[in-house]
2 protein chains.
Amino acid sequence: MGTKGENNRTRIIEAADQLFYKHGYNQTSFSDIADITGIPRGNFYYYFKTKDDILAAVVETRVKQYREALVTCDNASDNPGKRLHAFLDIMAGSEDSVVDTGCPIGSLCVELAKDTEALQTKSREVFVLLRDWMSRQFEEIGLVDANDKAMDLLSRMQGTALMACTFKDSAYLHRSVGDLKNWINNLVLSES
Amino acid sequence: MGTKGENNRTRIIEAADQLFYKHGYNQTSFSDIADITGIPRGNFYYYFKTKDDILAAVVETRVKQYREALVTCDNASDNPGKRLHAFLDIMAGSEDSVVDTGCPIGSLCVELAKDTEALQTKSREVFVLLRDWMSRQFEEIGLVDANDKAMDLLSRMQGTALMACTFKDSAYLHRSVGDLKNWINNLVLSES
DNA sequence: TGAAATACTAGACGGTCGTATGACTTTTGT
DNA sequence: ACAAAAGTCATACGACCGTCTAGTATTTCA
């Protein structure tokens, strides 16, 4: 009962996830996904009605993955500042791909900002998840403008990824992540 | 001698400039440009051998435009901090389009980061211009790490544009620009 | 077991893409 | 005035796009 079907569906999503990241949503064709998975191009309609449906599925798995990553950050420490550091380490840890291709979330949102509103709303979902989690951390620190700080941190991480990728500069990436950690530490100190 | 030819060439570049911003490079077709300019699709080969050539021409006009904008900033004040404020005001002034479509430079670089290296190098040119100008301002302020600060400012502006666009939040755009002005002011104070 | 339901496949459709060509028209220089 | 050069144009190419459908295999369950 659909065991192979579910398997194929998952493989399509995984291949699309990588290709959307490496080449962008619009620059990824059904043929590209077919070449990687070995599933004939024509079959895709069975698993997904439209290309947009594949994007939705990809975003949903990304949300799930980041949710799990945030749980790991939550378990990393009972200190909210340290938890935010742990999240920053995720970006620093994927240094190579960030310098090469940028942030998977940010670059998708930038691309789809020029597309339909439906795709914008969908691609934004991961950012909403991260912003709300960050906001909770800053709240726990004791900041009254926790949501503003969450936007600032997300913003600065995105700027960092964009610059590091554009200038192919991993040294900048690490320096900037260090600066952000110091910025968080100072926020913690100012509240204690 | 080539008066109409130059005119058509210019009109193609102007239309492409807008379309590359509004819909992205890859999502802009020759037909789109033809529809706006009224120049038949088939004629483009006469003015530009390839689509990449159009991009190069667009980037070159953008470099020229930003160079002029920087001259205006240079003339705005003999205080480098104030000159950087003037540059930030350019972004704040185009609030609507930034929230709607993002930063024209940043979104182009993000898109082409997933394309050939030649296009990446070309699209980066505007950023190089801005970074070097900013670096000169920070140098004049007296900072020893002027180039780092230039990267930081560019980075934070890009993050700001990306978040404002993704969340369709012009209030965040203005708050963040204000924060950046304060950040610059503090850098000036720390050196005086 | 066998017919209905479900899972899967592959070929093909209409459309659009970037590019190229060859002919026509206008401008230029002598 | 008239050839050469520059500019303009319609048409078409081969490739690829996302989508669809007619058909085959497989599973389900009375």
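An account of the accompanying structure is given in this report. (Residues numbered from 1 in each chain as written. Chains lettered and ligands numbered in written order. Predicted model: local features only at pLDDT ≥ 70, side-chain atom pairs only at ≥ 80, totals over all residues. Heavy atoms only, no water.)

With that settled, consider the environment of A:Ala113. Position of A:Ala113 relative to the elements: it lies in the loop between α7 (104-112) and α8 (117-141). Residue A:Ala113 is classed as buried on the basis of its relative accessible area, which comes to 9%. The spatial distance from the C-alpha of A:Ala113 to the C-alpha of A:Arg124 is 9.7 Å, given a sequence separation of 11 residues. Not counting chain neighbours up to four residues away, the residues in contact with A:Ala113 comprise A:Gln120, B:Asp100 and B:Cys165. (Helix = DSSP H or I, 4+ residues; strand = E, 2+ residues; numbered from the N terminus. Buried < 20%, exposed > 50% of the residue type's maximum accessible area, 1.4 Å probe, protein only. Contact = heavy atoms within 4.5 Å.)

Every α-helical turn comprises 3.6 residues, leaving residues that sit three or four positions apart pointing alike. Given a rise of 1.5 Å per residue, 21 residues ought to cover 30 Å, and the 30 Å separating the end C-alpha atoms of helix α10 (residues 170-190) of chain A matches this to within 8%. Three or more residues of α10(A) are buried, namely A:Tyr172, A:Leu173, A:Ser176, A:Val177, A:Leu180, A:Trp183, A:Ile184 and A:Leu187. End-on view of α10(A): buried residues confined to an arc of 135 degrees, all on one side of the axis. Among the exposed residues of α10(A), those pointing more than 90 degrees away from its buried face are A:Ala171 and A:Leu189. Those residues of α10(A) hidden inside the fold are in contact with α5 (80-93), α6 (95-101), α8 and α9 (146-166) of chain A together with α9 (146-166) of chain B. Taking the backbone nitrogen of A:Ala171 as reference, a side-chain oxygen 3.1 Å away marks A:Asp169 as the first, capping residue of α10(A). (Expected span 1.5 Å × (residues − 1). Arc of directions from axis to C-beta. Polar contact = N/O pair within 3.5 Å; in protein donor to acceptor, adjacent residues only side chain to side chain.)

With that out of the way, let us pick up the pattern of salt bridges. Applying the stated criterion across every chain, the model contains 24 salt bridges over all chains. The salt bridge involving B:Glu60 is made with B:Lys122; its shortest N-O contact spans 2.8 Å. Here the residue B:Glu60 occupies a position in helix α4 (residues 51-76), and B:Lys122 occupies one in helix α8 (residues 117-141), the gap between them amounting to 62 residues. Overlapping salt bridges, with partners in common, bring together A:Asp148, A:Asp152, B:Arg175 and B:Asp179 in one network. (Salt bridge = Lys/Arg side-chain N within 4 Å of Asp/Glu carboxyl O.)

So, on to the side chain of A:Lys114. By the element assignment, A:Lys114 lies in the loop between α7 and α8. Buried charged residue A:Lys114 carries no salt bridge. Nearest counter-charge: B:Glu111, at 6.6 Å. Of the polar contacts made by the side chain of A:Lys114, one reaches the backbone oxygen of B:Thr101; its length is 3.2 Å. The contacts of A:Lys114, once residues within four sequence positions are left out, are B:Phe20, B:Tyr21, B:Lys22, B:His23, B:Gly24, B:Thr101 and B:Ser107. (Lys, Arg positive; Asp, Glu negative; His and termini not counted.)

Tallying each qualifying case throughout the model produces 12 aromatic pairs over all chains. Arranged with centres 6.4 Å apart and planes meeting at 40 degrees, the rings of A:Phe167 and B:Phe127 form a pair that is tilted. On the criterion of chain membership, the pair formed by A:Phe167 in the loop between α9 and α10 and B:Phe127 in helix α8 is interchain, its members lying in two chains. For B:Phe127, a relative accessible area of 0% corresponds to the buried category. (Phe/Tyr/Trp six-rings, centres within 6.5 Å; stacked < 30°, edge-to-face > 60°.)

Without other data, these values stay purely geometric and don't point to any function.
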